Every structure is written in structure tokens, then in C-alpha cells.
Amino acid sequence: MQLLKELLMAASSFTKNQSGFMMQPQNYSVNDGDGIRTVLFLSGCPLRCKWCANPESFASNGPNSFISEYTIEAILNLIDRQRVFYRFSNGGITFSGGEPTVQLEFLDTLSRKLYNDGFDLAIETCGYFEFNKVKPILERMHKIFVDIKVIDDIKHTGFTEKNNKIILDNIKKMAALSYPVVIRIPVIEGVNTTDENIQKTAAFVKKYIPHPKIELLPYHEFGTYKYEELNIKKPSEDFKRPTGDKLFHLKNIIEQEGVEVVSYM
């Protein structure tokens, strides 16, 4: 019940009909699923990660928020112009954010239309949602990327303002239904780069996900200018990008647990 209340509050700024709030869509992406893709960044998020690269996603719209309202028709027209790239690269559309499941009815309508039109769909999610409500959307996805930011619940709460029990439970449910799940770890010095955290995360993934896969996403500071323009506190200077040697070391830890590392640099 508490989760439902939190998600309803997070979604309260968003329309329930034929339009939704998004950041600028990104065409020609090759890092968010198979082939060449269009990434749709839906705004809104229940977490408050202290390193977030898209802080504009915390708000629906307003001055300097980088957010615009898009009708489903406008999005379909944008996607239609990219069909040739999807066709020849086996690409498609990826829903990202923010957290796309916050705008649940908008995402449901849009994903259903695209699924029925035969597009390859993927979603990038923090995993913090009410599973039964999101399940029909997940069933349309050809690939599901879910973050495990920190495996320890207390540390996760400290860095994101939410515990990770719901996230880990949702991953178990997706895996039990044989959904095509890839776990992502945003690798951040000062947050989650200890051998213990990576080993425990890999062990969890190995235990619960068939054909387990992890993608390591090194921290970057590309979104720093957004904090300046939004006049909000920047991420801590203690947050750093790991070295190549450190990433290779973490990759080896994961592989020793029997988990495939699909990307780490």
C-alpha cells in the first residue's frame, strides 16, 4: 500500500490520457538495446540518486526543466521516420527516463501501439514499481534493463532515498517469468565499486536469473551542466569514474560468479 501511494504521488503531475512528459528523444542510439534505436526519456522518478545524470526528470515541466509534453501521435510520427534504420539494423525503441513506469497509462498506451505495429521494444528501469500494474508492459518488451545500484539495502537507501527490497523482488518475479532481463550496475567510485558489493550483486543475479547477464555502466559527468541550469546541488566530487583497470577487475569478479558481462567500458 505504501508503495502504491508513493508511485501515485510521483505520477500526480502527469497526464493519464494521450500525451505525456518527456525529455528530448534520442535517435540513432546504439547503447540501449539491439541495433539502431530511438530512446524515449519519460520524466518522473521515484528515486533520488545522488549521482543522477538526468535531474530534470524529477519534475514534469516548468522553466529550465528540459521537459516537454508530447502527444502519442507526435511520438509515432517521429518513430515512423526512423523505420528504415530499425529495419536494417534490427533496432527499435527503448523506453528510458527518469523512470518510464511512473507515467504508467501513457507508457501502457504507447507501448501497446508500438508492440502491435511490430516494433522491437526495450525498457530501462530502476525496478521500483508495483509489479502487477507494470506486468502487461513488461510482457511487450524484447529486452528489459534493470539497475541494481547497490545490493546492500541500507546503503541503497542512503544513496537513492528508497530501499531496494521492491527492486530485488521485482527482478525475481521477472526472472521467474523468463523475461529477457539484463542487470545494469552504474559503476561509481565512492558508491558501489567494492569487491564485496560487486560479488554479492553477481551472486544474486546468478541465483535468480536464467542465463544471467550484467552490464557495467561507468559513471560520467555529462549531466553536470543540468544541475547548474536547474540551480540544484551537484553530485558529490567524491563520485568518480573507475579506471579501466578497476573495471576489468570488477568484470573478472562477476565472471567468477558465473555471470556473463555484456559490456564494461
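The structure presented is a predicted model; accordingly, all values stated were derived computationally and were not measured.

Undergrad: Can you explain the overall build of the protein chain? Please cite residues and give values.
TA: Scanning the protein chain for helices and strands turns up 10 helices and 10 strands. Taken over the C-alpha trace, the protein chain has a radius of gyration of 18 Å; the compact-globule value for 265 residues is 18 Å, and the two agree within 12%. By principal-axis analysis of the C-alpha atoms, the protein chain measures approximately 45 × 40 × 40 Å. Considering the protein chain as a whole, with its 265 residues, one finds that 50% of them fall into the buried category. Counting contacts in the protein chain only where the partners sit at least 6 residues apart, residues at least 24 apart contribute 73% of the total. Computed over 32 positive and 33 negative side-chain charges, the inter-centroid distance for the protein chain is 4 Å.

Undergrad: I'd like a description of the side chain of Gln82, backed by residues and values.
TA: As for its position among the elements, Gln82 is in the loop between α2 (72-80) and α3 (83-89). Excluding residues that lie within four positions of it along the chain, Gln82 makes contacts with Asn27, Tyr28 and Thr38.

Undergrad: Residue-level account of helix α7 (residues 165-176), with values.
TA: Under the 1.5 Å per step criterion, the end-to-end length of α7 is 17 Å for 12 residues, consistent within 8% with the ideal 16 Å. Among all positions in α7, only Ile167, Leu168, Asn170, Ile171, Met174 and Ala175 are buried. The buried residues of α7 all sit within an arc of 160 degrees when viewed along its axis, so they share a single face. The outward face of α7, more than 90 degrees from its buried face, is lined by the exposed residues Lys165 and Ala176. Against the buried residues of α7 lie α5 (131-138), β7 (143-147), α6 (153-160), β8 (181-187) and α8 (195-208). Residue Ser178 follows α7 closely and has a positive phi angle near 60 degrees.

Undergrad: How would you sum up the layout of surface pockets? Please name residues and give values.
TA: A probe matching the size of a water molecule, rolled over the atoms, marks out where space remains unfilled. One number sums up the size of the largest pocket: a volume of about 1,500 Å³. Elements represented by at least two residues in the lining of the largest pocket include exactly β2 (26-29), β6 (120-125), β7, β8, β9 (213-218) and β10 (260-263). Per-element tally for the lining of the largest pocket: the top contributor is β9, with 5 residues. For the lining of the largest pocket, the class distribution of residues is 23 nonpolar, 14 polar and 13 charged.

Undergrad: An account of the packing of α2 against helix α4 (residues 104-116) is needed here, citing residue identities and associated values.
TA: As a packed pair, α2 and α4 sit with axes 11 Å apart at the nearest point and diverge in direction by 35 degrees. Between α2 and α4 lies a crossing whose hand is right-handed. Facing Ile72, Ile75, Leu76 and Ile79 of α2, the residues of α4 in contact are Phe106, Thr109, Leu110, Lys113 and Leu114. Partitioned by chemical class, the residues of the contact of α2 with α4 number 7 nonpolar, 1 polar and 1 charged.

Undergrad: Now, about the pairing of strand β3 (residues 37-41): what can you tell me, with residues and values included?
TA: Burial analysis of β3 places 5 of its 5 residues in the buried class, which makes it a mostly covered element. Two elements, β2 and β3, share 2 bridges in a ladder whose sense is antiparallel. The residue bridging Ser29 from the neighbouring strand is Arg37, located in β3. Strand direction decides the pairing type here: β3 and strand β5 (residues 92-96), joined by 5 bridges, are parallel. Each residue of the ladder has a partner; that of Leu40, found in β5, is Phe95.

Undergrad: A description of the side chain of Lys226 should follow, citing residues and the corresponding values.
TA: Topologically, Lys226 is positioned in helix α9 (residues 224-230). Here Ala53 takes part through its backbone oxygen, which lies 3.4 Å from a polar atom of the side chain of Lys226. The contacts of Lys226, once residues within four sequence positions are left out, are Ala53, Asn54, Pro55, Glu56 and Phe66.

Conventions used here
Residues numbered from 1 in each chain as written. Predicted model: local features only at pLDDT ≥ 70, side-chain atom pairs only at ≥ 80, totals over all residues. Heavy atoms only, no water. Helix = DSSP H or I, 4+ residues; strand = E, 2+ residues; numbered from the N terminus. Rg over C-alpha atoms; globule rule 2.2 N^0.38 Å. Buried < 20%, exposed > 50% of the residue type's maximum accessible area, 1.4 Å probe, protein only. Contact = heavy atoms within 4.5 Å. Lys, Arg positive; Asp, Glu negative; His and termini not counted. Charge placed at Lys NZ, Arg CZ, Asp CG, Glu CD. Expected span 1.5 Å × (residues − 1). Arc of directions from axis to C-beta. 1 Å grid on protein atoms, 1.4 Å probe; cavity = no way out; pocket = protein on both sides within 12 Å on 5 of 7 lines; lining within 4 Å. Points joined across faces, edges and corners; volume = space filled by probe spheres on them. Nonpolar A, V, L, I, M, F, W, Y, C, P; charged D, E, K, R; others polar. Axes fitted to C-alpha atoms, helices over the stretch in contact; angles between N-to-C directions. Left-handed = near helix turned anticlockwise from the far one by under 90°. Pairing = 2+ DSSP bridges. Polar contact = N/O pair within 3.5 Å; in protein donor to acceptor, adjacent residues only side chain to side chain.

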